[in-house]
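Single-letter residue listing:
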Amino acid sequence: MSDAELVLRSRRVVAPEGTRAASVAVRAGRITAVLPYGAEVPSGARLVDLGDDVLLPGLVDTHVHVNDPGRTEWEGFWTATRAAAAGGITTLVDMPLNSLPPTTTVEHLRTKQRVAADKAHVDVGFWGGALPDNVEDLRPLHDAGVFGFKAFLSPSGVDEFPHLDRDRLGHSLAEIAGFGGLLIVHAEDPHHLDAAPQRGGPRYADFLASRPRDAEDTAVAALVAEAKRLDARVHVLHLSSADALPLIAAAKAEGVRVTVETCPHYLTLTAEEVPDGASAFKCCPPIREAANQDLLWRALADGTVDCVVTDHSPSTADLKTDDFATAWGGISGLQLSLPAVWTEARGRGHGLEDVVRWMSARTARLVGLDGRKGAIVPGHDADFAVLAPDETFTVDPAALQHRNRVTAYAGKTLHGVVKSTWLRGERIFADGVFTAPRGRLLTRTP
């Protein structure tokens, strides 16, 4: 590492081959070498000794609703990316809806990129949207660098982003498959949702009954069938129903090109603990029972579920009413996703290597960034999170960087304190202090 400008040394570096004591050399924003712990530091290089704190690759969160422009009172690039940095996330991919305009044309993509350019504390990429009437915009968006296309199979909750029926799903997916793209899908079947009891009010049990598992299961089955028919690549967003896991496992075994994510709130929160009227816990699909959660963890362990992402979907506090039927559905999780998942994972016998695989390596692979993100290996961007895994903290909403400090984790004691976050070899967050924005806007690599 004779040309290194920076050396990060830790007794616990989480690399693809496992956790070990190592010195990580950095030059010009890239990792140049991963060497033994005691390797000599070249003259002129800056040494940062992390002691027993763990050096992780920066997390890659591929499911974030930034809502900027248009609904910036809900969130924005400045606040969302600060929250990401505080949580050890160094790359996020922004969803195409809840902003105005939605990212459904190249012109709208350029609008969003202009807004984000000088506000991003971490690297930011963009998903496009697949709507019933924008099939002709999909290839131009792909060529402009979006990482794939988001679609809903049931109403999205915002009028400007309508869902795809079965015919339109096939039409859009055929177009996307034709240029080798990726369709990511909110999979709930509208007919099953319509048939479910819709009582409204503050009881969480009533809300849970209004979003039944069979709505997810049916929609996932339809998506898998279309992917198989068209030999298309699809990704199931925020899976909450464990009943869909056998179908997904069988499809993967058959060679269907399907991947699946779940979220920290499905892995760490349970329906049994949600108080009535506490719509900070409302999301769609919903947080389900503890027995369902156990099966999601088992599916993560065996690879049926590929990765874990936040689905950070904030709103203003006034939209989180005590009526589950009318409250906004979304959980803010950027800053807390790593400690929340780590707290539960360690209790279930998993290590930080597993967390890194679920929240960094596989998410980077999902969007084609695994050649530069998601692992501590030579040639990758020098993006790191420094974690004190055994330290605990109690979640105080006032300490969050999200624009609206509403959280389902309030008052919970979590393991894992993010001490600092590094982007391309520059420390962008440490001990509660941020640098000026240094994030870059990312596009899909052809």
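Use the structure listed above.
Described below are features of the structure shown in this document. (Residues numbered from 1 in each chain as written. Predicted model: local features only at pLDDT ≥ 70, side-chain atom pairs only at ≥ 80, totals over all residues. Heavy atoms only, no water.)

**Remarks on the overall build of the protein chain**
The cut-off we apply is this: Note on conventions: DSSP H or I runs of at least 4 residues are helices, E runs of at least 2 residues are strands, and numbering of each starts at the N terminus. Throughout, the radius of gyration refers to the C-alpha atoms, and the reference size of a globule is 2.2 Å times the residue count to the power 0.38. Only protein chains enter the accessibility calculation, which uses a 1.4 Å probe; a residue is then buried when its area is under 20% of its type maximum, exposed when over 50%, and partly exposed in between. In what follows, a contact means two residues having at least one pair of non-hydrogen atoms within 4.5 Å.
Along its length, the protein chain carries 12 helices and 18 strands. Here the C-alpha atoms of the protein chain give a radius of gyration of 21 Å, agreeing with the 22 Å that 2.2 N^0.38 yields for 446 residues. In terms of overall dimensions, the protein chain has C-alpha extents of about 70 × 45 × 45 Å along its principal axes. The buried share of the protein chain, reckoned over its 446 residues, is 62%. The contacts of the protein chain with a sequence gap of at least 6 include a subset with a gap of at least 24, amounting to 74%.

**Some details on the nonpolar core**
Inclusion rule: What makes a nonpolar core is a set of buried Ala, Val, Leu, Ile, Met, Phe, Trp, Tyr and Cys residues whose side-chain atoms join them at distances within 4.5 Å.
By size, the foremost hydrophobic cluster in this structure holds 100 residues, and its most contacted members are L56, F149, L183, Y204, V220, L239 and I287. When residues of this core are assigned to their parent elements, the largest contribution, six residues, is made by helix 1 (residues 77–86). Excluding anything up to four places from it in sequence, F149 contacts W127, G128, G129, A130, L138, L141, H142, I176, F179, L182, L183 and I184.

**Side note on the packing of helix 3 (residues 135–144) against helix 4 (residues 166–178)**
Heads up, the condition is: In this analysis an axis means a line fitted to C-alpha atoms, helices contributing only their contacting stretch, and an angle means the value between N-to-C directions, from 0 to 180 degrees. Angles are sorted into four bins: roughly parallel if under 35 degrees, roughly antiparallel if over 145, roughly perpendicular if 65 to 115, and oblique for all others. Each crossing is labelled by how the near helix is turned from the far one, with a counterclockwise turn of less than a right angle marking it left-handed and a clockwise turn marking it right-handed. Under this grouping Gly is polar, as are all residues other than the nonpolar Ala, Val, Leu, Ile, Met, Phe, Trp, Tyr, Cys and Pro and the charged Asp, Glu, Lys and Arg.
Two elements in contact, helix 3 and helix 4, have axes separated by 10 Å at closest approach and are oriented at 30°. Between helix 3 and helix 4, the interaxial angle falls into the category roughly parallel. The hand of the helix 3/helix 4 crossing is right-handed. Residues V135, L138 and R139 of helix 3 lie in contact with helix 4, whose contacting residues are H171, S172, E175, I176 and G178. When the residues that make up the contact of helix 3 with helix 4 are grouped by side-chain class, the tally is three nonpolar, three polar and two charged.

**Overview of the state of the cysteines**
The cut-off we apply is this: We call a pair of cysteine sulfur atoms a disulfide when they lie within 2.5 Å.
Within the structure shown, the criterion is met by zero disulfides. C283 takes part in no disulfide bond, and the closest cysteine sulfur, belonging to C284, lies 6.8 Å away. Of all cysteine sulfurs in the structure, the one in C263 sits closest to C307, which takes part in no disulfide; the separation is 9.1 Å. Under the relative-accessibility criterion, C307 is labelled buried at 2%.

**Overview of the packing of aromatic side chains**
Put simply, the rule reads: When two rings of Phe, Tyr or Trp (its six-membered ring) have centres within 6.5 Å they constitute a pair, described as stacked for plane angles under 30 degrees, edge-to-face for angles over 60, and tilted for the intermediate range.
Counted according to the given criterion, the structure contains nine aromatic pairs. Between F152 and F161, the aromatic rings sit 5.9 Å apart at their centres with planes inclined by 75°, giving edge-to-face as the arrangement. Per residue, the accessibility class of F152 equals that of F161, and both read buried. Relative to W358, the ring of W297 lies with its centre 5.8 Å away and its plane at 70°, an arrangement referred to as edge-to-face. Of this pair, W297 sits in helix 10 (residues 290–302) while W358 sits in helix 12 (residues 352–366), and the two are 61 residues apart along the sequence. For the pair W297 and W358, one class covers both residues: buried.

**Examining the pattern of salt bridges**
Selection criterion: What counts as a salt bridge is simple: a side-chain nitrogen of Lys or Arg found within 4 Å of a carboxyl oxygen of Asp or Glu.
The final tally for this structure, using the stated rule, is 31 salt bridges. We note a salt bridge from D68 to K119, for which the minimum N-O separation is 3.9 Å. Taken together, the residues span a long stretch of sequence, with D68 in the loop between strand 6 (59–64) and helix 1 and K119 in the loop between helix 2 (106–116) and strand 8 (123–126) at a distance of 51 residues. A salt bridge links K419 to E391, with the nearest nitrogen and oxygen atoms 3.3 Å apart. One end of the pair, K419, is in strand 16 (residues 413–423); the other, E391, is in strand 15 (residues 384–394), with 28 residues separating them in the sequence. Residue E391 is classed as partly exposed on the basis of its relative accessible area, which comes to 36%. Residues joined by salt bridges that share partners form a network here, namely R30, D123, R372, K373, D381, D383 and R424.

**What about the sheet that holds strand 10 (residues 149–152)?**
Where strands meet in a sheet, backbone hydrogen bonds hold them as pairs that are either parallel or antiparallel. Rules: Paired strands, in this sense, are two strands between which DSSP finds at least two bridges.
What the six strands build is an open sheet, ordered 9-10-11-12-13-14; its pairing is parallel. Looking at which strands have only one partner, the edges of the open sheet turn out to be strand 9 (128–129) and strand 14 (307–308). Here four bridges tie strand 10 to strand 11 (residues 182–186), and the two strands are oriented parallel to one another. Counterpart to A151 in the pairing with strand 11 is V185.

**Focus: the environment of V54**
As for its placement among the helices and strands, V54 is situated in strand 5 (residues 54–57). C-alpha separation for the pair V54 and T79, spaced 25 residues apart in sequence, amounts to 26 Å. Once residues lying within four places of it in the same chain are set aside, the contact partners of V54 are S10, R12, V14, L352, A385, V386, L387 and P389.

**Brief notes about the packing of helix 4 against helix 7 (residues 213–230)**
Contact geometry of helix 4 with helix 7 gives a least axis separation of 10 Å together with a crossing angle of 40°. The angle between helix 4 and helix 7 falls in the class oblique. Handedness of the crossing formed by helix 4 with helix 7: right-handed. When helix 4 is examined against helix 7, the residues R166, L169, G170, L173, A174 and A177 are found in contact with a partner set consisting of A222, L223, A225, E226, A227, R229 and L230.

**Side note on the sheet that holds strand 6**
Reading across from one edge, 6-7-8 is the order of the three strands in this open sheet, with parallel pairing throughout. The open sheet terminates on both sides in strands that have one partner only, identified here as strand 6 and strand 8. Between one strand and the next, the sheet's axes are offset by a mean angle of 20°, whatever the strand orientation. Inspection of the sheet shows strand 6 paired to strand 7 (residues 89–94) by four bridges, in the parallel sense. The residue bridging V64 from the neighbouring strand is D94, located in strand 7.

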